[in-house]
Amino acid sequence: MTDSKYFTTTKKGEIFELKAELNSDKKEKKKEAVKKVIASMTVGKDVSALFPDVVNCMQTDNLELKKLVYLYLMNYAKSQPDMAIMAVNTFVKDCEDPNPLIRALAVRTMGCIRVDKITEYLCEPLRKCLKDEDPYVRKTAAVCVAKLHDINAQLVEDQGFLDTLKDLISDSNPMVVANAVAALSEIAESHPNSNLLDLNPQTINKLLTALNECTEWGQIFILDCLANYTPRDDRESQSICERVTPRLSHANSAVVLSAVKVLMKFMEMLPKDLDYYGTLLKKLAPPLVTLLSAEPELQYVALRNINLIVQRRPEILKHEMKVFFVKYNDPIYVKLEKLDIMIRLASQANIAQVLAELKEYATEVDVDFVRKAVRAIGRCAIKVEQSAERCVSTLLDLIQTKVNYVVQEAIVVIKDIFRKYPNKYESVIATLCENLDSLDEPEARAAMIWIVGEYAERIDNADELLESFLEGFHDESTQVQLQLLTAIVKLFLKKPTETQELVQQVLSLATQDSDNPDLRDRGYIYWRLLSTDPVAAKEVVLAEKPLISEETDLIEPTLLEELICHIGTLASVYHKPPSAFVEGSRGVQHKRLPGSAGSGESVESPDTGSAAGVSDAPPAVIPSQGDLLGDLLNLDLAPPATTTGPPPPTSSGMQMGAMDLLGGGLDSLMGDESEPLGGDLGGSPAMGAGFGAPPAAMPASFNAPVSGGLDDLFDLGGGVGMPSGAYSPPKSIWLPAMKAKGLEISGTFARRAGVVQMEMTLTNKAMSVMTDFAIQFNRNSFGLAPAGPLQVLTPVSPNQSIEVALPLNTVGPVMKMEPLNNLQVAVKNNIDVFYFSCQYPISMLFVEDGKMERQVFLATWKDIPNDNESQFQIKDCHLSSDAASSKLQGSNIFTIAKRTVDGQDMLYQSTKLTNGIWVLAELRVQAGNPNYTVSLKCRAPEVAQCVFQSYEAVLKN
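Values in this document were obtained by computation on a predicted structure and should not be read as measured data.

(A) Structural context of the packing of helix H26 (residues 462-470) against helix H27 (residues 478-494). Following both chains from N to C, one finds H26 and H27 inclined at 155 degrees, their axes separated by 11 Å at the closest point. Considering their axes alone, H26 and H27 lie roughly antiparallel with respect to each other. Pair H26 / H27 crosses with left-handed handedness. Each of Ala462, Asp463, Leu466, Phe469 and Leu470 in H26 lies in contact with H27, whose residues at this interface are Leu484, Ala487, Ile488 and Leu491.

Below is the structure:
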């Protein structure tokens, strides 16, 4: 009979009966009883009352019974920690059992019992098992170290288990090596700066040797570990690739993808002209194609990864177009993914094939798929110019089918084709206008209105067509309303006499009858333009539009680099970095591809430049500000331990009641906020709510040939003087004594030898002695946090002042503040907890490696949109350009070049913030004029105001 019988009984008084059976002398009866207990536990009954009786059954030679008891123990040890200690002796005994299976079972169970009281007893048995003669026991013990580290990291480090784990990498058994690598990788992920896996050529050689002989999951751990290694040169890179390549033919798709990840990373180091480089490209295609013959779920994961690979190196799969053709029985999610890759691989050589397929897909029954297919035809036209005419005629054929959603999608993509090839295919406009009445989707209506407005001079009845849309103006979506407003203004500028009434009607609808601020603002702008300067209006509204780019949906290059390093993981399926979806992602490291070999040129694909030379890590994203006080309420104000790595994640929820230290502390903090807090440095709030957008890393096109008006200045010297020391503002009172029961804190910030310091004077104006000082910061825009405890070594007597310098780091939790450089601080002493806000000059965060290469500066300046440029005036400054340059360099604002035009000196400067954001500047200094002009360009324009304040403070002090 099967074990299912154990799940069917529901007798009353069952616990009592089981207790009796567990204490029976007969072994068989005992085993039956334990099976019944496990069955009850599995279906959710509480059998914790039997804990002592089950633990007594551990003293047995029967392996099956022992496994069952251990299973019970793992489940209930957490709720019965005191009882669980009873089992410790048995563990210790079992770890010395002659049977290796029992030794391994004991050590595995020990790792699964997450009870602090027990862990110290388990160190000795674990140490023995790590050096056991049987590899099965050693490999189990290796994983146990990682589990123990999760419960008590300090204990594992003190006991020297990490060093033993490192020694296991040289073990003779490949499975032990794989588990040691897995354990070390797991521990290293939670401690990114620990450098546990010290990879060097000798270690890599051992890992590659073990790779051939261990199980498939062992191979995955080893390959993932190899992917974190950066080879010394292209020869080492080639040698590793040669030894990893055989994994591409493995039956397990996870092994294949891990191998692809390693090869994709190390290919960056190989020169393109190397024969082996071409061979490797050819070897990568077949395994990826083979993944597409698996079941649909695996196909989907493979396709998401292939999508990344194709964006990075399209040449790998350029001859494999046919495998991405859609099968009739593919699920929709696979079909859509395949379509995406087909477009990425489309080229002049295969476009005829692709178009024939896409036309076929457009007659399918699945609406989503048909829509995507029609869009794909348009994207092909934009990507492969030679095919544009065929694409347009295919789209016209589809419009003739009169299938509503096909017609609408076709019109949307034809609008894009007009943007790409102006004055080429306008003959089709008449056909489009015939279908105007059938359009009911906002995107299609907006596209049609854009076409009518853009080509109004070629459409005789353009005014009638646009008037027909005006009748239901308020029922239209915002997208359509905005497009209609612009189209009618264009029409008016082209045919002013016939359409005056129409333009007045739309302007009054937009400005007087609409609630939408975007629509109202655009209406007012047009109204003022038309009424004050019609010629300027014509230049603005009818300006020549830039051609749209071929690939608008490519992943941003730095993100693509990071995702390539995560092939085969969830990040490669979501197309998001791990930090975007892993909760408490303090341990998530940003990975980057190594710099390419030889000339440093980028990969062949024109759309994926790499900026690895400029920024070692992508700039941190500054999240938008949530609650004003955020985690200040959850702070544990004991003196913090010195932090070398990032601090542990703070709780995100705001638990009001959790912290009785605070009392009514909130009111004082709110009161402080209204006062000017930052000494001389004010600071208007950061602009806009768009601060949550991640500032991109450096631009993609550094290797493009660069020419333009700035070129000549990069041949000049630059008059850069010696730095004159970093500026530090004078101290100001942050916390008045009357608000802090007699404690007065005044302070400032300084950057000394690359370290940010908070320099404070603590004055005791009370009648009693003050001791036990501790400090904590709330989350802030740049992650500022104390790098150690507040060192107040002696009690502060009444009327005594004491100077304290607190070193800071920038690895704390991040939250956008208003203003950006606002810092909320909690200080505790033996009397109470006090709160204050202060503002730090952002120049404290300018790092020492903020000097950009000249060519890089030029390319970056051109690459940052002009909308991100801010201009400021610095008044009453009487320094020469050389003196200004020298002064700024002292605060890590570096002059890259200087030129003089018409007696005006122009200094081109760069600086870099601690979170990786670059700021580029042009400072104009006119001899005899005390007013300077500074233009700042940055991918996160919100920092410009604070950077300008730092410029002003540095130059004027």
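(B) Spotlight on helix H9 (residues 135-151). Along its 17 residues, H9 runs 25 Å from first to last C-alpha, staying within 8% of the 24 Å computed at 1.5 Å per residue. Restricting attention to buried positions, one finds in H9 the residues Val137, Arg138, Thr140, Ala141, Ala142, Cys144, Val145, Ala146, Leu148, His149 and Ile151. Turning to H9, the residues buried within the fold contact helix H7 (100-112), helix H8 (116-130), helix H10 (153-158), helix H11 (161-168) and helix H12 (174-190). N-capping of H9 is provided by Asp134, with a side-chain oxygen placed 2.8 Å from the backbone N of Tyr136.

(C) Local environment of the packing of aromatic side chains. Counted by the stated rule, this structure contains 12 aromatic pairs. Taking 5.3 Å as the distance between ring centres and 40 degrees as the angle between the ring planes, the aromatic pair formed by Trp734 and Phe749 counts as tilted. Note that Trp734 is positioned in strand S1 (residues 732-735) and Phe749 in strand S2 (residues 743-752), a separation of 15 residues in sequence. Given a relative accessible area of 2%, Trp734 falls into the buried group. Seen from their ring centres, Phe749 and Tyr840 are 6.0 Å apart, and the 70 degrees between their planes marks the pair as edge-to-face. Placement of the pair is Phe749 in strand S2 and Tyr840 in the loop between strand S8 (833-839) and helix H34 (854-863), with a sequence separation of 91 residues. With respect to class, Phe749 is no different from Tyr840; both count as buried. Over the ring of Phe369 we find Lys335; its NZ or CZ atom is 5.2 Å from the centre of that ring.

(D) Highlighting the pattern of salt bridges. In total, this model carries 39 salt bridges according to the counting rule given. Here Glu21 makes a salt bridge to Lys36, at a shortest N to O gap of 3.4 Å. Here the residue Glu21 occupies a position in helix H1 (residues 14-22), and Lys36 occupies one in helix H2 (residues 27-42), the gap between them amounting to 15 residues. Using a relative accessible area of 16% as the deciding quantity, one classes Glu21 as buried. Note that Lys35 and Glu64 form a salt bridge whose closest N and O atoms lie 3.3 Å from each other. Within this pair, whereas Lys35 is found in helix H2, its partner Glu64 is found in helix H4 (residues 63-76), the two being separated by 29 residues in sequence. By relative accessible area, Lys35 is classed as buried at 15%. The exposure class assigned to Glu64 is partly exposed, which follows from its relative accessible area of 36%. Shared partners join several salt bridges into a network, and the residues in it are Arg371, Arg375, Glu409, Glu441 and Glu443.

(E) Region of interest: the nonpolar core. Among the nonpolar cores identified, the biggest contains 211 residues, and Tyr72, Leu126, Val244 and Phe418 are the most heavily contacted of them. Every residue in contact with Tyr72, bar those within four places of it in the chain, is listed here: Val37, Ile38, Met41, Val47, Ser48, Leu50, Phe51 and Val54. Grouped together as the second largest cluster of nonpolar side chains are 64 residues, Leu784, Phe836, Cys877 and Leu913 included.

(F) Quick look at the packing of helix H21 (residues 367-383) against helix H22 (residues 388-400). For the pair H21 and H22, interaxial distance at closest approach is 8 Å and the crossing angle is 155 degrees. In this view, H21 runs roughly antiparallel relative to H22, as classed from their interaxial angle. When you trace H21 past H22, the crossing you get is left-handed. Every residue of H22 that contacts H21 at Val374, Ile377, Cys380 and Ala381 is listed here: Ala388, Cys391, Thr394, Leu395 and Leu398. Taken together, the residues that form the contact of H21 with H22 break down as 8 nonpolar, 1 polar and no charged.

(G) Geometry of unusual backbone geometry. A cis geometry characterises the amide bond from Glu818 onward to Pro819, with omega recorded as -10 degrees. Tracing the chain through its elements places Pro819 in the loop between strand S6 (801-809) and strand S7 (822-828). Of note in this structure, Ala753 is not a glycine but carries a positive phi near 50 degrees. Phi at Asp876 is positive, roughly 55 degrees, even though this residue is not glycine. By the secondary structure assignment, Asp876 is in the loop between strand S9 (869-874) and helix H35 (881-890).

The rules behind the values
Residues numbered from 1 in each chain as written. Predicted model: local features only at pLDDT ≥ 70, side-chain atom pairs only at ≥ 80, totals over all residues. Heavy atoms only, no water. Axes fitted to C-alpha atoms, helices over the stretch in contact; angles between N-to-C directions. Helix = DSSP H or I, 4+ residues; strand = E, 2+ residues; numbered from the N terminus. Parallel < 35°, antiparallel > 145°, perpendicular 65-115°, else oblique. Left-handed = near helix turned anticlockwise from the far one by under 90°. Contact = heavy atoms within 4.5 Å. Expected span 1.5 Å × (residues − 1). Buried < 20%, exposed > 50% of the residue type's maximum accessible area, 1.4 Å probe, protein only. Polar contact = N/O pair within 3.5 Å; in protein donor to acceptor, adjacent residues only side chain to side chain. Phe/Tyr/Trp six-rings, centres within 6.5 Å; stacked < 30°, edge-to-face > 60°. Lys NZ or Arg CZ within 6 Å of the ring centre and 35° of its normal. Salt bridge = Lys/Arg side-chain N within 4 Å of Asp/Glu carboxyl O. Core = buried A, V, L, I, M, F, W, Y, C linked by side-chain atoms within 4.5 Å. Nonpolar A, V, L, I, M, F, W, Y, C, P; charged D, E, K, R; others polar.

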